[in-house]
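# Structural overview
Listed here are the chains, written in short residue letters.
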Amino acid sequence: MPLRRRFYTLLISTSLLALAANATEPAATAATQITDAQISKARTAVNALQTELQTALQNAMRDGGPIAAIEVCQLQALPITASISEQHKLYIRRTALKLRNPANAPDDWEAQQLADFAARAERGESLATMEAVSRADGEFRYMKAIPTGAACTGCHGTQIAEPLANALQERYPADQATGFAAGDLRGAFSVRIPIADTL
Ligand code: HEC
């Protein structure tokens, strides 16, 4: 499994570095290790956010159709994301290289992982299980790829029907999040946990 391999490589190399840098202080090793507990905490929050966003989207589509659903996404996506952060006592968000809402812009590490996800997908790895982890600068970080599903292309695909396309253009004049086909990398969930909270 690629993640496990990457994870152990990272773990071993960071442990060796820590040992080499400060052999008399075992805490230095602990402070650089990525644990299964951190990964599962991040995965749990991602599953919760995914479920809540999907439910909100499905309910909005059912109750008011796609145009009403755009408004629900615009009004609810960020507050739902913030409430999952609070409930799970970590920082979670969605991000992407091609954005609809500029508030979701990736930082350097996230942009690098998104590019890496695209390269890994190109090499044949499944987006459904694609993850990345890191532990540096006082925090544990985790990302999980978001594949484009058939249901997403109505609002993120190549041929967005009117009046939906117009409604999107009105709300998101700088929208870059179109042109996706089912199976493309749409973006990623991104989690940050301060190390002091996870030891
Ligand atoms: C009804 C239209 C609609 C559908 C269907 C839809 N989205 Fe979106 N999507 C939006 C809107 C509107 C936003 C901007 C939300 C905001 O303002 O925070 C968005 C934002 C996003 C973002 C955040 C990054 C960004 O570009 O701002 C991701 C990731 C995303 N959508 C993935 C998906 C996936 C995956 C699906 C299918 C499961 C999907 N969307 C289906 C309308 C839609």
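A quick note: this is a predicted structure, and the numbers were derived from the prediction, not measured.

Scanning the chain from terminus to terminus reveals 6 helices and 4 strands. By the burial criterion, 25% of the 199 residues in the chain qualify as buried. Once local pairs closer than 6 in sequence are excluded, the contacts in the chain between residues at least 24 apart make up 67%.

Attention now goes to the site of the ligand. Neighbouring the ligand are 25 residues; A69, N101, C152, C155 and G187 lie closest to it. Here the shell around the ligand gets 8 residues from one element, more than from any other, and that element is helix 3 (residues 36–88). Among the residues forming the shell around the ligand, the class breakdown is 14 nonpolar, 8 polar and 3 charged.

A separate point is the sheet that holds strand 1 (residues 91–95). The strand order across the open sheet formed by 4 strands is 1-4-3-2, and the pairing between neighbours is antiparallel. Lying at the two open borders of the sheet, with one neighbouring strand each, are strand 1 and strand 2 (131–136). For this sheet, the mean inter-axis angle between neighbouring strands, taken without regard to orientation, is 15°. By the bridge criterion, 5 bridges tie strand 1 to strand 4 (residues 185–194) in an arrangement that is antiparallel. Bridged to T95 within strand 4 is A188. Here helix 3 sits on the sheet and contacts strand 1, strand 2, strand 3 (139–147) and strand 4; the angle it forms with strand 1, its principal contact strand, is near 45°. Here helix 4 (residues 108–122) sits on the sheet in contact with strand 1, strand 2, strand 3 and strand 4, set at roughly 135° to strand 4.

Moving on to the environment of R43. Residue position: R43 is located in helix 3. The spacing of R43 and M143 is 100 residues in sequence and 9.1 Å in space, taken between C-alpha atoms.

Turning to helix 4, a few remarks are in order. With 15 residues, helix 4 should cover 21 Å at 1.5 Å per step; its first-to-last C-alpha distance of 21 Å lies within 8% of that length. Within helix 4 the residues assigned to the buried category are E110, Q113, L114 and F117. All buried residues of helix 4 fall inside an arc of 105° around its axis, so they share one side. Counted as exposed and oriented over 90 degrees from the buried face of helix 4: D108, A119 and E122.

Residue E162 is joined to P163 through a cis peptide bond whose omega torsion reads 5°. Note that P163 resides in the loop between helix 5 (153–156) and helix 6 (164–171). Phi at K89 takes a positive value of approximately 55°, unusual for a residue other than glycine. Note on placement: K89 falls in the loop between helix 3 and strand 1.

Attention now moves to the packing of helix 3 against helix 6. Where helix 3 contacts helix 6, the axes come no closer than 9 Å and their chain directions differ by 20°. In terms of orientation, helix 3 and helix 6 fall into the roughly parallel class. Crossing hand, helix 3 versus helix 6: right-handed. Taken together, the residues of helix 6 that come into contact with helix 3 (itself represented by P66, I67, I70 and Q74) are L164, A167, L168 and R171.

Conventions used here
- Residues numbered from 1 in each chain as written.
- Predicted model: local features only at pLDDT ≥ 70, side-chain atom pairs only at ≥ 80, totals over all residues.
- Helix = DSSP H or I, 4+ residues; strand = E, 2+ residues; numbered from the N terminus.
- Buried ≥ 20, exposed ≤ 12 C-beta atoms within 10 Å, placed from the backbone.
- Contact = placed C-beta atoms within 7 Å.
- Near = placed C-beta within 6 Å.
- Nonpolar A, V, L, I, M, F, W, Y, C, P; charged D, E, K, R; others polar.
- Pairing = 2+ DSSP bridges.
- Axes fitted to C-alpha atoms, helices over the stretch in contact; angles between N-to-C directions.
- Expected span 1.5 Å × (residues − 1).
- Arc of directions from axis to C-beta.
- Parallel < 35°, antiparallel > 145°, perpendicular 65-115°, else oblique.
- Left-handed = near helix turned anticlockwise from the far one by under 90°.

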